[in-house]
Amino acid sequence: KDILFVLLGNVILSIGVGFFIVPNSVLSAGVAGLAVSLSPFIKFISATNLITLLTVLLFVIGALVLGKHFAIKTLISSFVYPLLVSAITLFLDGATLTDNMMLASFYGGAIVGIGVGLVFRGGGSTGGMDIPALLINKYLHVPLGTAVILIDSSIVLTSMLLHGIEPALIGLISVWSSGFMVNKTSCLFFIKKFRYS
């Protein structure tokens, strides 16, 4: 059942990203957003290498702190999610459901939040910046959706220095709707607590 939640969550997450976030270049958070924000200040490593380094580092921390079952389910996401996003992007071939950045940010974020919430329900994560959110939830007992909003908002606001105020404000719509839906999905599926094991 857990694996099914992880797989379904990744499908929904990929739909949100592939249909709304990527085609409209909505400023996003996550490891990629953090690496892009930090790369001008860290000259000795490229943004691509920084993404890889952060992803591996966060995965190792998550595996050590949250357990082997978490690590296995997160590894599944690490393979399934990029494949699905690539397939959707290839299928759309540059087409988009909306050209309105605010609509894309809101609906993309909401769909992403449902997907991430289902992956959490399965006891895994999509990797990257989900892991600090899970650690905040575990040690500070902050609701997962709220932790996601806190982490992602800080990244988007930092990227304002590079991309300007308006793209960051549009990105915050995605962050809020995503975190809101993570919490709602948690309530809908009666997630009492993320199972750390």
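Everything below is about the structure shown above.
Nothing here was measured: the structure is a model prediction, and the numbers come from that model.

J.: Sorry if this is basic, but what is going on with the packing of helix H1 (residues 2-21) against helix H5 (residues 101-121) here?
T.: Angle between the axes and distance between the axes are the two parameters that describe a pair of packed helices. Where H1 contacts H5, the two axes come as close as 7 Å, and the packing angle between them is 165 degrees. Judged by the angle between their axes, H1 and H5 are roughly antiparallel. Both H1 and H5 take part in a crossing whose hand is left-handed. Of the residues belonging to the contact of H1 with H5, the class tally is 17 nonpolar, six polar and two charged.

J.: Sorry if this is basic, but what is going on with the pattern of salt bridges here?
T.: Oppositely charged side chains can pair when the atoms bearing their charge come close. Under the counting rule described, the total for this entry stands at one salt bridge. Among the ionic pairs, Lys73 bridges to Asp2, the shortest N-O distance being 3.1 Å. With a gap of 71 residues between them, Lys73 in helix H4 (residues 68-92) and Asp2 in helix H1 connect regions that are remote in the sequence. Taking the relative accessible area as the measure of exposure, Asp2 reaches 21% and is therefore partly exposed.

J.: Help me out: how do you make sense of the nonpolar core in this one?
T.: Side chains that are nonpolar tend, in soluble globular proteins, to be buried together. Judged by nonpolar contacts, the single largest core of 36 residues is most densely connected at Val17, Val116, Phe120, Met129, Leu134, Ile155 and Val156. Among the elements of the structure, H1, helix H2 (30-38), helix H3 (47-66), H4, H5, helix H6 (130-140), helix H7 (144-163) and helix H8 (165-188) are those that each provide at least two residues to this core. Top element by residues in this core is H7. It accounts for six residues.

J.: Hey, could you run me through H1 in this one?
T.: Taking 1.5 Å of rise per residue, the 20 residues of H1 would be expected to cover 28 Å, and the 27 Å separating its terminal C-alpha atoms lies within 8% of that figure. Looking at H1, one finds that the buried residues are Phe5, Val6, Gly9, Asn10, Ile12, Leu13, Ser14, Gly16, Val17, Gly18, Phe20 and Ile21.

J.: Mind showing me how you'd approach the environment of Ala110 here?
T.: Its location among the elements puts Ala110 in helix H5. The exposure class assigned to Ala110 is buried, which follows from its relative accessible area of 12%. Each C-alpha atom of the pair Ala110 and Arg121 lies 16 Å from the other, and the pair is 11 residues apart in sequence.

J.: I keep staring at unusual backbone geometry and nothing clicks. Help me out?
T.: In most cases, non-glycine residues show a negative phi, while peptide bonds are predominantly trans. Even without a glycine there, the phi angle at Ser25 is positive, about 50 degrees. The residue Ser25 is located in the loop between H1 and H2 in this model. Accessibility expressed as a relative area gives 60% for Ser25, which makes it exposed. Even without a glycine there, the phi angle at His141 is positive, about 60 degrees. Here His141 lies in the loop between H6 and H7. A relative accessible area of 60% means that His141 is categorised as exposed.

J.: What is the right way to read the side chain of Ser77 from this model?
T.: Along the polypeptide, Ser77 turns up in helix H4. Under the relative-accessibility criterion, Ser77 is labelled buried at 1%. When residues no more than four places from it in sequence are discounted, the contact partners of Ser77 are Val6, Asn10, Pro82, Val119, Ser125 and Thr126.

Reading guide: rules and limits
Residues numbered from 1 in each chain as written. Predicted model: local features only at pLDDT ≥ 70, side-chain atom pairs only at ≥ 80, totals over all residues. Heavy atoms only, no water. Axes fitted to C-alpha atoms, helices over the stretch in contact; angles between N-to-C directions. Helix = DSSP H or I, 4+ residues; strand = E, 2+ residues; numbered from the N terminus. Parallel < 35°, antiparallel > 145°, perpendicular 65-115°, else oblique. Left-handed = near helix turned anticlockwise from the far one by under 90°. Nonpolar A, V, L, I, M, F, W, Y, C, P; charged D, E, K, R; others polar. Salt bridge = Lys/Arg side-chain N within 4 Å of Asp/Glu carboxyl O. Buried < 20%, exposed > 50% of the residue type's maximum accessible area, 1.4 Å probe, protein only. Core = buried A, V, L, I, M, F, W, Y, C linked by side-chain atoms within 4.5 Å. Expected span 1.5 Å × (residues − 1). Contact = heavy atoms within 4.5 Å.

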